[in-house]
Amino acid sequence: MLDVLLGSLGNLISAESAAYALAAIGLGIHFGYAGLLNFGQAGFMAIGAYGFAIFTRFVDPTTQFGWPSWLSLIAAILFAVVCSVIFALILGIPTLRLRGDYLAIVTIASAEIVRFVARTQDLTEVTGGSQGIRGTDYKGDINASNPFADGGWLHWVASGPLESLSSNNGWYTFLSWVLVIVAVVLVWGLMRSPWGRVIKGIREDEDAVRSLGKNVYSYKMQALVLGGVMGAIAGILFIFPRAVQPDSFATTLTFNVWTALLLGGAATVLGPVLGGVLFWFLLSFVRGLIAELHGLGIFGTMSASQAGQLAFVAVGVALVVLVVFRPQGIMGNKKELSFHV
Amino acid sequence: MEKTLRPARWWLAIPALLAALAVALGLGAPPADATAPPSDSGSAYQFQGIVRSDPQTPIAGVVINASGPDGFAGTATTAADGRWSIPTPGPGDYTVSIDETTVPDGLEVNPAHISRDFTLGTTSSQSVLFGIGAPGSFAPAPSAGSGDGGGDDGGSESNESTSSSSSFSWSRLGQRLFTGLNFGLLLALAAIGITLIFGTTGVNNFAHGEMVTFGGFAFFLLTTTLGLPVWVAIIGVLIASGAFGWLHDAAIFKPLRRRRVGLVQVLIVTIGLSIALRYFYQFLFGGGSSTLAVDNSARISFGTFNVNVSNIVSMVVSVVILGAVAYFLTRTRIGKATRAVSDNAGLAAASGINVDRVIRIVWVIAGMLTGLSGVLYAYFIGASVRWDMGFLILLLLFASVTLGGLGSAFGALVGALIIGIVTEVSTLWLPSDLRFAVALVILILVLLVRPQGVLGRKERIG
Amino acid sequence: MSDTQITHPLVDGPVGPGCKKVDPIVIADGVKRQFGGLTAVDVAHVEIPRNAITALIGPNGAGKTTFFNLLTGFDKPNEGNWQLDDQSLANVPAYKVARRGMVRTFQLTKSLGRLTVLQNMLLGARDQRGERFLSALLPFLWGRQERANVERADDLLRRFKLHEKREDFAASLSGGQRKLLEMARSLMSDPRLVMLDEPMAGVNPALTQSLLDHVLGLKDEGMSVLFVEHDMHMVRHISDWVIVMAEGKVVAEGPPESIMQDQAVVDAYLGAHHDTDLGTLTNQQVVQIEQEAAAELASTDEEEKA
């Protein structure tokens with residue numbers, strides 16, 4: 001029991017929970033601040049992940065042009081960001097003038113289109129088809145850029161309790177959380193600026209904001225792009241500790257990010273971070289618990305992985321309960337954040 | 001006004017009609033002997049799959065080998081249903097290969113599939129499919145890749161992709177049109193369910209796919225576990241699905257209406273419901289497909305192409321039910337009340353219509369239509385059911401509804417037919433694993449030109 | 001009816017529907033809006049006088065609000081042209097119309113509920129540097145402008161007696177206070193023409209007088225006002241000029257004292273209820289609201305077919 005808890009606590013600051021947190025921050029800009037119903041955050045994440053991996057795999061400036069790895073790494077991230085901006089524009093141009101639920105349907109459909117295209121066998125050479133892209137194909141630059149590794153200029157930091165920083169996983173985690181912090185500061189700054197005021201006004205009533213001389217369409221597009229770029233970077237963080245697998249970018253991922261966002265509080269700066277972290281913690285805790293119970297024979301002849309599905313049942317139920325009874329999330333203030341539409 | 005129909009009469013008409021049709025669908029097929037329970041290996045990390053020569057024909061006795069880190073080597077032989085699984089010690093890079101000598105004579109393995117490398121770690125259970133077909137059906141091109149890895153795009157039909165070449169023929173077009181029509185009609189049943197609910201309550205029900213799956217599993221339990229005849233099972237499915245729809249409204253949506261919970265919140269509630277139900281199905285039935293113990297082997301030849309009798313029956317059933325729905329909506333009092341509520345719930349309530357009752361009835365009818373659609377879909381994918389079968393077509397259902405125009409039942413029918421036919425016909429030119437994507441692209445293109453859908457009402461656009 | 005030509009200081013020439021104004025701020029020509037077969041608005045020519053308070057009245061379904069929406073870019077006409085101070089506004093999107101100095105309010109108040117009263121006000125200010133994405137992150141670029149805007153907002157809030165509510169969410173205000181907030185917010189942008197869509201609807205009688213004073217105050221500050229209103233007391237009390245619409249057309253205009261006697265107005269407005277006091281139209285309004293609802297339904301049906 002205790003070791004389940006401790007094991008889950010280990011997940012609190014993992015690179016995965018950072019990826020979830022960043023994706024949720026992006027979704028928070030969409031939904032929490034601008035009121036946009038984006039159900040395709042997994043699509044943005046997939047675009048980021050594939051953009052990054054494919055760029056590194058095929059352009060590979062490190063070996064092709066002799067760039068330093070950190071520069072190639074940045075180039076790959078920029079490439080992914082540009083792809084996600086284009087994706088956001090394609091989504092936004094037709095739908096941002098329409099009623100909100102059209103955006104919902106178009107985003108969820110587009111995310112699936114991205115996944116279907118990524119996994120089609122005719123593109124296996126580029127995307128790896130349904131098997132995806134192996135980690136070794138794109139992790140060269142990121143691993144070589146670890147400043148905490150042996151011989152890195154920050155190697156001296158990686159000693160004592162921080163020793164794990166010199167490992168690849170430690171470096172991924174460090175980098176991921178740095179990016180999350182940057183995103184948090186960015187959102188915090190934006191949302192207290194006049195720009196953020198317009199965005200929040202649009203969430204409340206588009207026509208009113210329009211009547212005050214603001215180009216609502218343009219602001220919605222800016223919000224869509226900004227949140228989408230964060231989703232794309234989250235997608236990159238998501239694949240550092242693992243491989244690129246098309247089916248990990250399915251609609252379920254979007255729904256998980258929504259759960260994380262609503263858990264923390266949609267229109268808060270720190271809510272998505274807390275939500276992302278808690279989501280991973282709770283998920284692995286419930287899984288661990290079920291595995292323990294399974295070990296005790298409570299589920300009869302059922303297999304462990306089958307019994308493990310109960311953790312996701314819990315996710316679904318949690319989402320329902322949250323939305324109905326605490327729509328403002330953990331961080332939210334009931335007055336401001338109980339959303340309506 | 002036509003008050004000749006008493007309110008209660010429609011209520012009996014549909015099930016009675018369905019019962020009659022169910023007899024036809026049964027075609028006197030008694031349940032075959034018990035099929036294997038849904039397979040699911042106990043190991044956390046494993047490779048697994050089903051070896052089939054076509055969606056309906058599993059191959060037994062094929063040997064699969066896996067090798068991996070630390071000298072790991074595992075082997076498995078496919079069972080009677082073509083299933084195999086190889087548990088592995090944990091994450092890592094593995095090579096999975098098929099022993100060609102164990103494949104029956106007259107069949108060939110896609111050369112690209114004979115031996116492949118996989119990394120376990122992102123998913124603990126990796127599906128590996130082997131393209132198997134008649135000799136010469138695999139182009140030497142390297143693009144003849146890995147088939148349906150995650151099993152996530154509509155199940156067992158994916159193997160067809162390996163045998164579909166780029167050559168066009170009218171008979172293939174005819175075959176695809178036929179299949180597409182069949183698919184479109186069964187989609188229409190569920191799509192009308194969505195659109196009725198959306199029209200009367202404003203709720204986009206993301207848990208609708210789970211209603212489809214419910215119908216499929218109810219049918220599985222009745223025919224395969226309990227061994228009931230097909231027509232009895234269909235009546236059972238209708239009753240169960242109607243009750244399931246009733247339960248949705250009574251347990252969840254009516255209380256939410258009472259609390260005046262906003263539409264976006266309700267939308268997210270349906271997402272939560274969808275997740276919970278879907279994984280509950282997987283908890284109960286496991287992560288693989290379960291084959292129905294029904295006989296669907298009867299085939300008829302029409303000139304150059306063969307069709308399953310079950311597909312024809314499925315289409316007839318769909319058409320008749322759609323006719324019944326149209327009759328219900330346009331001619332019966334409750335149906336008219338339904339349309340009144342869709343138009344303007346406030347006005348309908350003011351003119352004495354019991355809106356809550358109408359919504360309850362709509363949920364029951366939507367449940368029945370959707371459950372039936374689940375049964376037909378189970379037949380469509382080769383008489384099998386799967387925990388996420390409904391979820392996989394959920395987007396197609398939404399695409400149908402949106403294409404036709406949100407809230408219009410006739411529009412949903414048209415949209416579903418377009419989607420059904422487009423998905424199937426596109427496979428003549430495009431890889432079949434992209435066929436759902438094609439449907440969604442069509443959806444987005446139509447929204448660009450005609451946001452209100454093909455037949456929908458124009459919304460105020462900002 | 002009078003054959004003698006009436007003149008008026010605002011008017012250049014004889015008074016009558018579509019008459020020329022001495023100094024018009026808005027001139028509209030041939031503005032037509034159809035929903036399928038139904039013509040909602042068909043205004044041949046109308047001019048709105050500058051630095052005056054103009055009331056737009058007419059029975060429900062006369063097309064007043066549609067005309068309002070057309071002028072402010074919230075709806076697109078089938079044909080027609082109109083200009084604000086010689087600048088054409090046809091095919092100009094709503095937000096640009098507002099930037100050119102024509103700011104509107106809505107019949108159903110659109111206060112931004114989950115923003116504070118002060119944030120609502122600040123949103124009204126124009127040309128804010130901090131509203132651009134790139135400068136938003138650099139407060140030193142917009143801090144000074146923001147402080148000036150806050151000062152102005154505070155002044156307006158004091159004037160509209162909302163200053164105590166400064167930090168409250170707009171959702172917590174009463175209906176009348178929201179109307180006041182909406183009007184104050186529209187003033188943040190220094191408009192030339194303020195367009196008020198039913199400013200009195202749903203306002204607590206206690207607040208009526210202060211609202212009227214505020215509207216009169218706008219004129220004193222050199223703004224022009226066009227408002228749609230059903231409350232005839234308000235029309236009589238504060239307007240300098242009245243334009244009457246019926247069935248989409250301008251059927252009469254004139255100063256408020258004489259317009260109430262105009263036969264065309266009486267016909268258009270009252271129909272059989274000739275003797276009803278114009279100020280208490282309650283019964284009439286109920287009937288008309290129903291008619292309007294029917295017309296609306298018809299128009300959406302038409303749109304559907306379109």
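Residues numbered from 1 in each chain as written. Chains lettered and ligands numbered in written order. Predicted model: local features only at pLDDT ≥ 70, side-chain atom pairs only at ≥ 80, totals over all residues.

1. As for the overall build of chain B
The criterion, for reference: Only runs of H or I of at least four residues qualify as helices and only runs of E of at least two qualify as strands under DSSP, and these elements are numbered from the N terminus. Burial is judged by counting other C-beta atoms within 10 Å of a residue's own C-beta: 20 or more means buried, 12 or fewer means exposed, and anything between counts as partly exposed, with every C-beta placed from the backbone. Contact between residues is assigned whenever the C-beta positions, reconstructed from backbone atoms, fall within 7 Å.
The secondary structure content of chain B amounts to 13 helices and 15 strands. Each of the 462 residues in chain B was classed as buried or not, and the buried ones make up 55%. When contacts within chain B are restricted to residue pairs at least 6 apart in sequence, long-range pairs at least 24 apart make up 74% of them.

2. What to know about the overall build of chain A
Put simply, the test is: Only the C-alpha atoms count toward the radius of gyration. The rule for a globule is 2.2 Å times the residue count to the power 0.38.
Looking only at helices and strands, chain A has 17 helices and zero strands in total. Taking 2.2 N^0.38 as the reference for a compact globule, 341 residues should give roughly 20 Å; the C-alpha atoms of chain A span a radius of gyration of 21 Å, in line with that estimate. With the C-alpha coordinates aligned to their principal axes, the bounding extent of chain A is approximately 60 × 60 × 45 Å. Within the span of chain A, comprising 341 residues, buried residues form 62% of the whole. Residue pairs at least 24 apart in sequence account for 76% of intrachain contacts in chain A once pairs closer than 6 positions are excluded.

3. Brief notes about unusual backbone geometry
Residue and element names in this part refer to chain C. The backbone phi angle of Asp 86 is positive, close to 70°, even though this residue is not glycine. When you line up the elements, Asp 86 lands in the loop between strand S4 (79-84) and strand S5 (87-88). Positive phi, close to 50°, is recorded for Asp 190, a residue that is not glycine. Turning to its location among the elements, Asp 190 is positioned in the loop between helix H6 (175-187) and strand S7 (193-197). Owing to 14 C-beta atoms within 10 Å, Asp 190 belongs among the partly exposed residues under this scheme.

4. What to know about the UniProt feature "transmembrane region" (unreviewed entry) in chain A
All names here are of chain A. The line we're drawing: UniProt positions are given in the numbering used here, feature names are shortened, and annotations may be inferred rather than shown by experiment.
When the UniProt feature table is mapped to this numbering, "transmembrane region" (unreviewed entry) covers residues 39-59, 71-93, 171-191, 223-240, 260-286 and 307-325. End-to-end, the C-alpha atoms of residues 71-93 are 33 Å apart, and along that stretch the chain is 100% helix and 0% strand. The straight-line gap between the two end C-alpha atoms of residues 307-325 is 28 Å; of that span, 95% is helix and 0% is strand.

5. Considerations on the nonpolar core
Put simply, the rule is: Buried Ala, Val, Leu, Ile, Met, Phe, Trp, Tyr and Cys residues whose C-beta atoms connect them within 7 Å together make up a nonpolar core.
Residues Leu 22, Met 45, Ile 233 and Leu 237 of chain A together with Leu 187 of chain B are the most contacted members of the largest nonpolar core, which totals 313 residues. Sorting elements by how many residues they give to this core places helix H10 (residues 355-380) of chain B first, with 17 residues. Apart from residues lying up to four places away in sequence, Leu 22 of chain A is in contact with Leu 179, Val 180, Ala 183, Met 230, Ile 233, Ala 234 and Leu 237 of chain A. Formed by 20 residues, the second largest nonpolar core is a distinct cluster that contains Tyr 45, Ala 66, Ile 98 and Phe 118 of chain B.

6. As for the UniProt feature "transmembrane region" (unreviewed entry) in chain B
Residues and elements named next belong to chain B. Those residues carrying the UniProt feature "transmembrane region" (unreviewed entry) are residues 177-198, 228-248, 260-281, 309-329, 361-380, 392-422 and 434-453 in this numbering. Secondary structure within residues 177-198 divides into 100% helix and 0% strand; the distance between the first and last C-alpha atoms comes to 29 Å. Across residues 309-329, the secondary structure splits into 100% helix and 0% strand, with the terminal C-alpha atoms separated by 30 Å.

7. A closer look at the packing of helix H13 (residues 251-264) of chain A against helix H14 (residues 271-295) of chain A
All names here are of chain A. Selection rule: Where helices are involved, their axes are fitted lines through C-alpha atoms of the stretch in contact, as for all axes, and angles between N-to-C directions lie from 0 to 180°. These descriptions rest on fixed angle ranges, namely under 35 degrees for roughly parallel, over 145 for roughly antiparallel, 65 to 115 for roughly perpendicular, and the rest for oblique. Helix crossings get a hand from a simple test, with the near helix turned counterclockwise from the far one by less than a right angle marking a left-handed crossing and a clockwise turn marking a right-handed one. In this count, Pro and Cys sit with the nonpolar residues alongside Ala, Val, Leu, Ile, Met, Phe, Trp and Tyr, while Asp, Glu, Lys and Arg are called charged and the others, Gly among them, polar.
H14 packs onto H13 with a crossing angle of 120° between their chain directions and a minimal axis gap of 7 Å. On the basis of the axis angle, H13 is oblique to H14. As for the relative orientation of H13 and H14, their crossing is right-handed in sense. Of the residues in H14, those touching H13 at Asn 256, Thr 259, Ala 260, Leu 261, Leu 263 and Gly 264 are Gly 271, Pro 272, Val 273, Leu 274, Gly 275, Gly 276, Leu 278 and Phe 279. Residue composition of the contact of H13 with H14, grouped by class: eight nonpolar, six polar and no charged.

8. Structural notes on the environment of Ala 266 of chain A
Residue and element names in this part refer to chain A. The residue Ala 266 is located in the loop between H13 and H14 in this model. By C-beta crowding, Ala 266 is classed as buried, having 27 other C-beta atoms within 10 Å. Separated by 242 residues in the primary sequence, Ala 266 and Ala 24 have C-alpha atoms spaced 8.6 Å apart.

9. A short note on the sheet that holds strand S1 (residues 24-35) of chain C
Sheet strands associate in pairs through backbone hydrogen bonding, adopting either a parallel or an antiparallel arrangement. All names here are of chain C. We apply this condition: Only when DSSP finds a minimum of two bridges between them are two strands counted as paired.
An order of S2-S1-S4-S5 is seen for the four strands of this open sheet, with the pairing classed as antiparallel. In this open sheet, the two strands that pair with only one neighbour each are strand S2 (38-49) and S5. Packing of helix H1 (residues 64-71) onto the sheet brings it into contact with S1, S2 and S4, and relative to S2 it is tilted by some 65°.

10. Overview of the packing of helix H7 (residues 309-331) of chain B against helix H8 (residues 333-343) of chain B
All names here are of chain B. Orientation of H7 relative to H8, taken along the N-to-C sense of each, is 75°, at an axis distance of 5 Å. Here H7 lies roughly perpendicular to H8, going by the angle between them. Taking contact as the criterion, the partners of Phe 328, Leu 329, Thr 330 and Arg 331 in H7 are, on H8, Gly 335, Thr 338 and Arg 339. Grouping the amino acids of the contact of H7 with H8 by side-chain chemistry returns two nonpolar, three polar and two charged.

11. Topic: the environment of Thr 101 of chain B
Mapped onto the fold, Thr 101 of chain B is located in the loop between strand S7 (92-98) and strand S8 (108-109). Separated by 39 residues in sequence, Thr 101 of chain B and Val 62 of chain B place their C-alpha atoms 8.4 Å apart.

12. Description of the environment of Ala 223 of chain A
Residue and element names in this part refer to chain A. Considering the arrangement of structural elements, one finds Ala 223 in helix H12 (residues 216-239). Owing to 30 C-beta atoms within 10 Å, Ala 223 belongs among the buried residues under this scheme. Between the C-alpha atom of Ala 223 and that of Leu 175, which follows or precedes it by 48 residues, the distance is 25 Å. If we ignore the near neighbours within four places in the chain, the residues touching Ala 223 are Ile 29, His 30, Tyr 33, Ala 34, Leu 36 and Ile 199.

13. Let's talk about the sheet that holds strand S6 (residues 102-104) of chain C
Residues and elements named next belong to chain C. Here six strands make up an open sheet; going across it, the order is S6-S7-S8-S3-S9-S10 and the pairing mixed. Pairing within the sheet leaves two strands with one partner each, and these edge strands are S6 and strand S10 (249-254). Adjacent strand axes in the sheet meet at a mean angle of 20°, parallel and antiparallel pairs treated alike. Both strand S9 (residues 241-246) and S10 contribute to a ladder of five bridges, which runs antiparallel. Following the sheet pairing, Ile 243 is matched in S10 by Glu 253.

14. Section: helix H5 (residues 139-159) of chain C
Residues and elements named next belong to chain C. Short version of the rule: Expected helix span is given by 1.5 Å per residue-to-residue step, counting one fewer step than there are residues. At every residue, the bend is computed as the angle between two fitted axes, covering the seven residues ending there and the seven beginning there respectively.
Over its 21 residues, H5 runs 29 Å from end to end, which matches the ideal 30 Å to within 8%, given 1.5 Å per residue. Considering bend angle alone, the principal kink of H5 is centred on Gln 145 and spans about 25°. Those residues of H5 not exposed but buried are Trp 142, Asn 149, Ala 153, Leu 156 and Leu 157.

15. Quick word on the confidence of the model for chain B
Residue and element names in this part refer to chain B. Convention followed: Values of pLDDT, which run from 0 to 100, indicate the predictor's confidence residue by residue.
Taken residue by residue, chain B gives an average pLDDT of 77. The fraction at 70 or more is 77%. Scored below 50 in pLDDT, residues 1-43 shows 79 contacts in the model against residues more than four places distant or in partner chains. Taken as a whole, residues 458-462 scores under 50 in pLDDT and shows 12 contacts with residues more than four places along the chain or in a different chain. Our summary of model confidence lists the complex with pTM equal to 0.79 and ipTM equal to 0.85.

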